[in-house]
Each structure stands twice: as structure tokens, then as C-alpha cells.
Amino acid sequence: MHRFMTESETALRDTARRFAEKEILPRAAAIDREDRFDRGLYKGLAELGLFGVALDEEAGGSGMGAIGACIAMEELARCSGAVANAFAIPVEAVLFLHQHGNARHRALIPGILAGDIIPATAVTEPDHGSDVAGLRTTARRDGEGWVLNGTKAWVTLGGVVDALMVFARSGTEGGHKAISCFLLDGGSPGLIRGKNEELLGMHGLEDCMITLDGVRAPADAVVGPENGAFKMAMGNFNFSRLMMSAMALGMAQAAFEDAVAYAKSRKQFGGPIIGFQAVQFMLADMSTDIAAARLLIHHAARLCDAGHAIAKEAAQAKLFTTDMAMKHVSNALQIHGGNGYSREYRIERLFRDVRLAQIYEGTNQIQRLIIARQVEKDMA
Ligand SMILES: Cc1cc2nc3c(=O)[nH]c(=O)nc-3n(C[C@H](O)[C@H](O)[C@H](O)COP(=O)(O)OP(=O)(O)OC[C@H]3O[C@@H](n4cnc5c(N)ncnc54)[C@H](O)[C@@H]3O)c2cc1C
């Protein structure tokens, strides 16, 4: 019999779904309204073992790879985009530290898996977003160690971060060649957190600017090869784009479920609006595109787990899924009529939350550039 997921993947999906429906869903609206990071839920995800979902078993994870991470992500995002977004950060951090870190960096992995050490990644700067290779934060050698100066923007979980991975220019060469990654203690003197950003959606992410004002780091704070972090970041993006795709998929699925339920219960012109072909066709398109996106994500994740290069496939999954999610969450809101425009209904939050997915982890314009470049190579 053909199976879309293995037994262990189905069990993982069910575990994530149970937790999301029982613990996350009842708190999701309050997290959004109060714009607060829910440490209890974060810890709950850690206790379920989900932060190590993609990490190898010998490193303390459950070894379920990118496919496992995407399956869990979809379920969490179906109940809260913000909680799902926070979930992505430790999942990616432990992979990054395990793959590139030294013994001291790897020693943080158990604490991150347990939810006791909160990681965050700081690549973007106020004047350098898509143009990662142009970043200006500097790391200057000082005796045995380093001194970092610069400003990082949009650091997710920046307000609560314990272990910050900062990308900085560590050599004199411009462009991508002289960028290193530094693992900094969140409490380092000179590491200054700005106030939390007031975001359209995805509330509760403690997203803020971080200024590095002469922050000292030991020589062994460099993660991976000195001046080699650009390539590491790009490799990491492939995985994180799959996570972002699965996050958008989960939100589209939630919007679809809400739209069907609303269309069945809302009556106009003497019958439920699901009887109107215009509504039926919107639901049919949603159902089809959601199924297509899931296939695209699972295909790319399985290729990733099999060790293939997936720059194009991850970009395609991200581009297709996040655009389709935005379109269909908007259509689901349309099906709710005026009620869709009200905070009374979850669709309003989904509409605000899902918009980020087209921007984050490389905008969808950048995804098109990546796909086009690879297409050109494939056809050479
Ligand atoms: C809520 C939130 C959380 C975030 N979290 C993090 C985080 O934890 N860590 C982190 O490092 N960053 C984070 N980011 C930053 C995010 O990755 C960037 O916002 C994103 O990469 C885009 O960069 P930018 O905002 O500077 O836009 P820009 O790069 O200035 O782009 C502006 C517009 O120009 C387009 N554009 C730019 N270059 C090109 C090109 N070559 N071709 C075609 N179009 C182009 C873009 O697609 C976009 O439409 C976060 C952002 C947000 C909003």
C-alpha cells in the first residue's frame, strides 16, 4: 500500500497535533492580543522533544530529519503561527551548532533541546537584508579574542535570547568572503537589545534590534571556519525555507478548515453559502493548492534528508507555498464576509500572521532569483 508518511512520521504528526490543539490553540488568541512570548508553551515543545526533531539521534535528537521538522511545523502553525515560528529557531540552531560548532558550542545543545537556553540568529542589518554579503557589523581581532560592533535588525526571540549567533565581517575582503559567525552570550556586556518591534502579525516573538557595542568574544566563539560563514548561512537557509513553507502550509490549512466550517454554517438567500458555486470553487482551489504545496514541501524535505542539494527545491517550496497561503488565507477571509474583518474570528489573525512568510528567510523575489539561477545551470 502506498503511504504518504511512514508510521513514525504519522505518530509524530499526531503528537504535534494533540499538543497544538490542547495546549497552543486555547492560548493563541491571547498571545496575539497581548503580544507576549509564551515561555510555558516553548518549554512544553521542548519537553515533547520537538526541538531535536531533525537532529541526529547520537546528538540527542530524534533523527527524523527535515521531513519530521516540516510535519511537526505544519501542525503547530495550524494552531498558532507565532508559536510555530518560535519553534523553528531552536530546531535550526541545534542543527547549525551540531554541524558547524566546536565542542564548547555543541555543549549548549542539550540546554537548547530542553528549552532552557533560547537561541537566536542575527544576520539582517538595518541597511542589509536581502544583500547578506553586504553586511557591515565588524569583528576585529583583539589579542586572543574578538571585538564586535554593529547593529542587527529583526532578531526573532532577540528579547529573550541566551545564545546569539551573529554574522559579522571578520576580514578586510568585502562581499561574502570575510564573514564569520560568532556565538555570543545573550548577557554579554555591550550587547544591547532594542524595544520589541510592533509587528503586523506574529505577535509574541520578542523580535527586536540588537546593537553590539564593543562586545568581546573569545577566540573560540567563531562557529565553523573563520571567514566561511556566508556559505554556512546559505546552507542553513535551505532548511529554514522548508520550515517557513511548512509554517505557511499549516496556516493555509487552518484557514481552509475555518472557511469550510463557516461556509457550512452561514446562511444567505435561504441556504448555507457553501451551496454557492463561487464559494465552492474557492474551497476547491484551496484544497488543491494546499495538497500541491504539501507534496512540494515533502518532496524537497525528503531530497534534503537523502543528502541532495536542494537550493532550487527549497526555494520553489517556499515561493509556491507562501504565495498560495497568502492568496487562500485572503480567500478564506472573503468567505467569512464582514466577520472575516473582525478580531472575533481567527481568520483575521491568520491573515496578518501569514504575510510574514513571503518576506522572511529570503523574500519571494529572492526565491525567484535562486530558482532562475539554478534553472540556467540545469539547462547549460
Ligand atoms: C518579523 C521578522 C522576523 C525576522 N527575523 C529575523 C531573524 O531572526 N534573523 C535575521 O537575521 N533576520 C530576520 N528577519 C529579517 C528578514 O530575513 C528580512 O526582512 C528579509 O530578508 C528581507 O530583507 P529586508 O527587510 O532588508 O528587505 P530588502 O532586502 O530591503 O528588500 C526590499 C524589497 O526589495 C526586494 N529586493 C531586494 N533585493 C532584490 C533583488 N536582488 N532582486 C529583486 N528584488 C529585490 C525584496 O524582495 C523586497 O521586496 C526578520 C524579519 C521580520 C519582518
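Source: prediction; values computed, not measured.

Colleague: Just to check I follow, could you spell out the overall build of the chain for this structure?
Modeller: The number of helices and strands found in the chain is eleven helices and ten strands. For 380 residues, the compact-globule estimate of 2.2 N^0.38 gives 21 Å, and the C-alpha radius of gyration of the chain, at 21 Å, lies within 12% of that figure. Nonlocal contacts in the chain, meaning residues at least 24 apart in sequence, comprise 73% of its contacts between residues at least 6 apart.

Colleague: Please clarify how the environment of Phe87 should be interpreted in this entry.
Modeller: Counting through the fold element by element, Phe87 comes out in helix H4 (residues 81–100). For Phe87, a relative accessible area of 0% corresponds to the buried category. Between the C-alpha atoms of Phe87 and Ala357, which are 270 residues apart in sequence, the distance is 15 Å.

Colleague: Whenever I open this one, the environment of Ala332 confuses me. Can you help?
Modeller: The residue Ala332 is located in helix H9 (residues 311–335) in this model. If we skip the residues at most four places from it in the chain, Ala332 touches Ala255, Ala259, Met286 and Ile347.

Colleague: What is the right way to read the side chain of Glu92 from this model?
Modeller: Inspection of the secondary structure assignment puts Glu92 in helix H4. Within the buried core, Glu92 has no salt-bridge partner, and the shortest N-O distance to an opposite charge, that of Arg241, equals 9.9 Å. Leaving out residues up to four positions away in the same chain, Glu92 has contacts with Asn236, Phe239, Ser240, Met243 and Glu361.

Colleague: What is the right way to look at the nonpolar core in this model?
Modeller: If you look at soluble globular proteins, the nonpolar side chains tend to sit buried side by side. By size, the foremost hydrophobic cluster in this structure holds 104 residues, and its most contacted members are Ile24, Leu45, Phe87, Phe167, Leu242 and Ile335. The dominant element in this core, judged by the number of residues it contributes, is helix H7 (residues 229–265), at 19 residues. Excluding residues within four positions of it along the chain, Ile335 makes contact with Ala259, Tyr262, Ala263, Ile273, Val279, Met282, Leu283 and Met286.

Colleague: Is there a simple way to explain the packing of aromatic side chains in this structure?
Modeller: How two aromatic rings sit relative to each other is set out by the distance from centre to centre and by the angle between their planes. In total, this model carries seven aromatic pairs according to the counting rule given. An angle of 85° between the planes, with centres 5.8 Å apart, marks the rings of Tyr262 and Tyr345 as edge-to-face. With Tyr262 in helix H7 and Tyr345 in the loop between H9 and helix H10 (346–354), the pair connects residues that are 83 residues apart, well separated along the chain. One aromatic cluster is present, built from ring pairs that chain together Phe37, Tyr42, Phe51 and Phe87.

Colleague: Looking at this structure, how should I read the site of the ligand?
Modeller: Looking at the ligand, there are 19 residues lining it, with Thr124, Ser130, Trp154, Thr363 and Gln365 nearest. Taking Val123, its main chain carries an N or O atom lying 2.8 Å from an oxygen atom of the ligand. In the model, a nitrogen atom of the ligand is placed 2.7 Å from a nitrogen or oxygen of the Trp154 main chain. Here the ligand, which alone exposes 970 Å², has 65% of that area covered by the protein. Mapped by element, the contributors of at least two residues to the shell around the ligand are strand S1 (119–122), strand S3 (145–155) and helix H11 (364–378). At three residues, H11 tops the list of elements feeding residues into the shell around the ligand. Taken domain by domain, the shell around the ligand gets at least three of its residues from each of domain 2 (119–227) and domain 3 (231–378).

Colleague: Help me understand the domain arrangement of the chain in this model?
Modeller: How big an interface is tends to be stated in terms of accessible area lost as the parts join. Domains assigned within the chain are domain 1 (2–113), domain 2 (119–227) and domain 3 (231–378). Placing the centre of domain 2 and that of domain 3 at their C-alpha centroids yields a distance of 30 Å. With twelve residues of domain 2 at the contact, the number on the domain 3 side is twelve residues. Approximately 900 Å² of surface area, both sides summed, lies buried where domain 2 meets domain 3, with 75% of it carried by carbon and sulfur atoms. Area buried by domain 2 at its contact with domain 3 is led by Ser130, Leu200 and Met202, which between them contribute 50% of it.

So, how was this worked out
Residues numbered from 1 in each chain as written. Predicted model: local features only at pLDDT ≥ 70, side-chain atom pairs only at ≥ 80, totals over all residues. Heavy atoms only, no water. Helix = DSSP H or I, 4+ residues; strand = E, 2+ residues; numbered from the N terminus. Rg over C-alpha atoms; globule rule 2.2 N^0.38 Å. Contact = heavy atoms within 4.5 Å. Buried < 20%, exposed > 50% of the residue type's maximum accessible area, 1.4 Å probe, protein only. Lys, Arg positive; Asp, Glu negative; His and termini not counted. Salt bridge = Lys/Arg side-chain N within 4 Å of Asp/Glu carboxyl O. Core = buried A, V, L, I, M, F, W, Y, C linked by side-chain atoms within 4.5 Å. Phe/Tyr/Trp six-rings, centres within 6.5 Å; stacked < 30°, edge-to-face > 60°. Near = heavy atom within 4 Å. Polar contact = N/O pair within 3.5 Å; in protein donor to acceptor, adjacent residues only side chain to side chain. Areas by Shrake-Rupley, 256 points an atom, 1.4 Å probe, with all protein chains shown as cover. Domains from an automatic or database assignment. Buried area = accessible area lost by both parts, 1.4 Å probe.

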